[in-house]
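What follows is each chain in one-letter form.
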Amino acid sequence: MRWRRGRSKMSISFEIKNLASLVTFRQLYDDGKNDIYFIVSQFVEAIIVNSSLYSFSITELSREIKRQFGFNIPDYVIQSSLKRVDCVTKKNHQFIVDANKLSACKFNEQFQGAFEKNNILVGELYDFFEERYGTISEENKNLLTEEFCSFLLNGSSENNFSDIISAFIIEREDNLEIVNHIRAIKEGAVLYTGINSSSNISERGSWKVPLTIYVEIEILFHLAGYNGEVFKKLADDLFSLISEMNSKSIKRPIKIRYFEEVMDEIEKFFKKAENIVAGKEILSIDNYAMNTIVKGCKKASDVIEKKSTFFSMLKAKGILQADPYDYYSDNNYEYNLESLESIQRYGLTEDKIRYIQHINYVNILRQGEDINDLKRCKHVILTEVGKILYISSDISHQKVPLAINMGMLTNRLWFDLNKGFGAREFPSNFDIILKSKIVLSSLLTETVSEKYEQAYREFKSEKINMEQMEDFILRLREEVKKPEDINQDSVENVLEFITEKELNIYQSEKERLDFTVKKREEEIDEYKKILKEKESDIALNEELLIKERKEKLQSYICTKESADNEIKKRMTRFDILLKICGTIYYLGIIALFFFLDAPRKNYFLGVLAVLPPAISGIIALITNKPIGFLEGVQFIKQNRKKKIERKVYKMFDIDLNKLQNIQSELNKMNRN
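Attention in this report is confined to the structure presented alongside it.

Calculation rules
Residues numbered from 1 in each chain as written. Predicted model: local features only at pLDDT ≥ 70, side-chain atom pairs only at ≥ 80, totals over all residues. Heavy atoms only, no water. Patch = residues over 30% accessible without salt bridge, like charges linked within 9 Å, V, L, I, M, F, W, Y side chains within 5 Å. Areas by Shrake-Rupley, 256 points an atom, 1.4 Å probe, with all protein chains shown as cover. Salt bridge = Lys/Arg side-chain N within 4 Å of Asp/Glu carboxyl O. Helix = DSSP H or I, 4+ residues; strand = E, 2+ residues; numbered from the N terminus. Expected span 1.5 Å × (residues − 1). Buried < 20%, exposed > 50% of the residue type's maximum accessible area, 1.4 Å probe, protein only. Arc of directions from axis to C-beta. Core = buried A, V, L, I, M, F, W, Y, C linked by side-chain atoms within 4.5 Å. Contact = heavy atoms within 4.5 Å. Pairing = 2+ DSSP bridges. Axes fitted to C-alpha atoms, helices over the stretch in contact; angles between N-to-C directions. Polar contact = N/O pair within 3.5 Å; in protein donor to acceptor, adjacent residues only side chain to side chain. Parallel < 35°, antiparallel > 145°, perpendicular 65-115°, else oblique. Left-handed = near helix turned anticlockwise from the far one by under 90°. Nonpolar A, V, L, I, M, F, W, Y, C, P; charged D, E, K, R; others polar. Phe/Tyr/Trp six-rings, centres within 6.5 Å; stacked < 30°, edge-to-face > 60°. Lys NZ or Arg CZ within 6 Å of the ring centre and 35° of its normal.

**Points about a nonpolar patch on the surface**
1) Next: A surface patch of nonpolar side chains, amounting to about 280 Å² of accessible area, comprises Ile576, Ile580 and Ile584.
2) Next: When you line up the elements, isoleucine 584 lands in helix α21 (residues 509-595).

**A few points about helix α19 (residues 466-479)**
1) Next: In this model, α19 (14 residues) spans 20 Å end to end at C-alpha, consistent with the 20 Å of a helix rising 1.5 Å per residue.
2) Next: Inspection of α19 places Gln468, Met469, Asp471, Phe472 and Leu476 among the buried residues, and these make up the whole buried set. Within α19, the buried residues cover an arc of 165 degrees as seen down the axis, which keeps them to one side.

**Some words on the nonpolar core**
1) Next: Counting residues in hydrophobic clusters, the biggest one holds 88 residues, and the most contacted among them are Phe56, Phe71, Ile73, Val88, Leu144, Phe148 and Ile169.
2) Next: No other element matches helix α5 (residues 107-133), which puts 10 residues into this core.
3) Next: Phenylalanine 56 has contacts with Ile48, Leu61, Leu82, Val88, Gln94, Phe95 and Val97, leaving out every residue within four places of it along the chain.
4) Next: Ile213, Val215, Ile242 and Ala289 belong to the second largest nonpolar core, which has 56 residues in total.

**Quick look at the pairing of strand β2 (residues 88-91)**
1) Next: Here 4 bridges tie β2 to strand β3 (residues 94-97), and the two strands are oriented antiparallel to one another. For lysine 91, the partnering residue across the bridge sits in β3 and is glutamine 94.
2) Next: The hairpin turn running from β2 into β3, its antiparallel successor, is 2 residues long, and asparagine 92 in that turn takes a positive phi close to 50 degrees.

**Side note on the environment of methionine 408**
1) Next: Structurally, methionine 408 is set in helix α17 (residues 406-416).
2) Next: Placed 218 residues apart in sequence, methionine 408 and valine 190 show a C-alpha to C-alpha distance of 8.8 Å.

**Focus: the pattern of salt bridges**
1) Next: For the coordinates displayed, the defined rule picks out 19 salt bridges.
2) Next: The residue glutamate 124 makes a salt bridge to arginine 172 at a minimum N-O spacing of 3.2 Å. Here glutamate 124, found in helix α5, pairs with arginine 172, found in the loop between α7 (162-171) and α8 (176-197); they are 48 residues apart in sequence, far enough to count as distant.

**Re the sheet that holds strand β4 (residues 211-215)**
1) Next: Judged by pairing direction, the sheet is parallel, and its 5 strands sit side by side in the order β6-β5-β4-β7-β8 without closing on themselves. Edge positions in the sheet fall to β6 (319-321) and β8 (403-404), since each of these pairs with one other strand and no more.
2) Next: The pairing of β4 with strand β5 (residues 254-258) spans 4 bridges and is parallel. Within the sheet, the bridge partner assigned to tyrosine 214 lies in β5 and is arginine 257.
3) Next: Most of the contacts of helix α10 (residues 229-247) go to β5, to which it runs at about 135 degrees, and overall it touches β4, β5, β6 and β7 (379-382).

**Re the side chain of aspartate 373**
1) Next: Within the secondary structure, aspartate 373 sits in the loop between α15 (354-365) and β7.
2) Next: The class of aspartate 373 is buried, set by a relative accessible area of 0%.
3) Next: Side chain to side chain, aspartate 373 and arginine 412 meet in a polar contact 2.8 Å long.

**Section: the packing of α7 against helix α18 (residues 432-460)**
1) Next: As a packed pair, α7 and α18 sit with axes 9 Å apart at the nearest point and diverge in direction by 140 degrees. Looking at the two axes, α7 sits oblique to α18. α18 is crossed by α7, and the crossing has left-handed handedness. In this structure, α7 uses Ser162, Asp163, Ser166, Ala167, Ile169 and Ile170 to contact α18, whose residues at the interface are Ile432, Ile433, Ser436, Lys437, Val439, Leu440 and Leu443.
2) Next: Partitioning the contact of α7 with α18 into residue classes produces 8 nonpolar, 3 polar and 2 charged.

**Let's talk about the sheet that holds β3**
Where strands meet in a sheet, backbone hydrogen bonds hold them as pairs that are either parallel or antiparallel.
1) Next: The 3 strands are arranged β1-β3-β2 in an open sheet whose pairing can be described as antiparallel. Each edge of the open sheet is held by one strand with a lone partner, namely β1 (55-56) and β2.

**Examining the packing of aromatic side chains**
1) Next: Taken as a whole and judged by the stated rule, the model has 23 aromatic pairs.
2) Next: Pairing tyrosine 327 with tyrosine 361 gives two aromatic rings, centres 4.0 Å apart and planes at 15 degrees, and the pair type is stacked. Pair noted here: tyrosine 327 is in the loop between β6 and α14 (340-345) and tyrosine 361 is in helix α15, with a separation of 34 residues, a long-range link. Just as tyrosine 327 is buried, tyrosine 361 falls in that class too.
3) Next: Through a chain of ring-to-ring contacts, three or more aromatic side chains come together here, namely Tyr214, Phe259, Tyr325, Tyr327, Tyr328 and Tyr361.
4) Next: Between lysine 451 and the ring centre of phenylalanine 497, over which it is positioned, the NZ or CZ distance is 4.0 Å.

Okay, here's the thing in structure tokens:
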């Protein structure tokens, strides 16, 4: 954390009042059903009452709005808003106030409530600071307040207190009252920025002037998800709004392109990834995108495949390389911003010269024109690189910068699409908790990089040995965290690491050994945990397999029982048939005695008497052994039963050998 002299005590109140203005702005937005002119008219009425104005000009009113509420609202918006103020009439270029027509409004009550909440919030921030660093001076109170307000509005990580402010917000993630108040500040800022940056708010809804947005490499990697889930969500939200804006016009005014230098940078990046996978280069500690690309790659062809997928994604989203153009022709010389002096001034190394080049390209494409509205600027760079954004604002003082970040473009598109704040999901850019995590992650990565460079210098000067260097790199890798990895539990450790001034490298063998042992113990615990989970999974899978096998076995046995019941039914019918035949046989013999004369009776009795021995004889021939009549009948029944069993078992798909094995297996399972 860096320290510098703060501003006067009066600025604290002024900064907090500005935040209160934004909260009130946001509240009035709902009250006025999204009517911007209504909102400004309420501020005007408050100024008339608070300053006891009876007449005023637009210039005077604009100055009072700036003094009392910190807003720079365009004159045309103020003038249009005055039509909503019943007590004001225009005479001779002056606006006259009729005090009798002044109506009571709740503006001051809303504003005072927001102001008091801001005071409480800032007071908690002071307490948070003093718990960690001791008493805060008045100078640093002023600075902390100023930067806290700035942080809430733009989420910048360039401030002196960005780390403490981010940690403070993340630790209050569960405090809905604070979170909702901060959200109201952010949403009010979006509305205010939209009004202040638009040349005509009545033309909201669609962009008609063609606009080419030149994206830097980090934006493309965000879209691909190489820098983590948070940055991908931010990029997806923005490009969704761009797509929605394009859908409102047949000409699709917004085009996304990237310069030739970005293409070269992408090629170099993937080439380095190939070398890392091939073992020719070492993977950097703090390069998230490179870590993501090489993850899971076993050979160079895997990296080439990821590269192909990356460019296919860009093409699918309509993101193409910019057409060739001679930026350095004589006709463009007067718009040139690039020089050896500017390269040296901003300390640009060879691999960063494209920063000034791209800013120069956009200025040439704009022909140096100073445009006052983003949607009319025709060409702009989209980047999250702080250096590019700084050079853009420093080198050219145009109202619409030559380079903007995702937050600025998201806010403006949201405003112009008139999305309001009643939607279920806001862009991730509105989430100040998420912004805090991004800032803290960025500061953490920067600190890790600085400490690595410091350690490397000590290694080169032989102050530490190779083992100490390797151990330190291992520790640094553990400290690196993406925004999604930072939460209330880890924020204190992150803050401590960022503010740690000394380079703690293990100087003794004992310290190094203790760390190594601790690391191995952690690895063993992790392996034990994984093993336990795997054993649990195996046991569960075995249990499920046994259960499934049992169910199949039981089902097979049930099928066998159904088949046996069918066999039993058929055999019952066969028994009945045999009994009927026997009954008919004996009834026939009895009938012979009553109805036939002696010669015919003897004939038929002879025939009937021969039948049982004949049947027995036939069966004896079949079985190759003498057999009695009753035994013959039993043989017929058994033979019939076998035929029925074969037929029914085939119909039910029953295998008796398989059934025997199944029953044996089921018995074994039950015993186990």
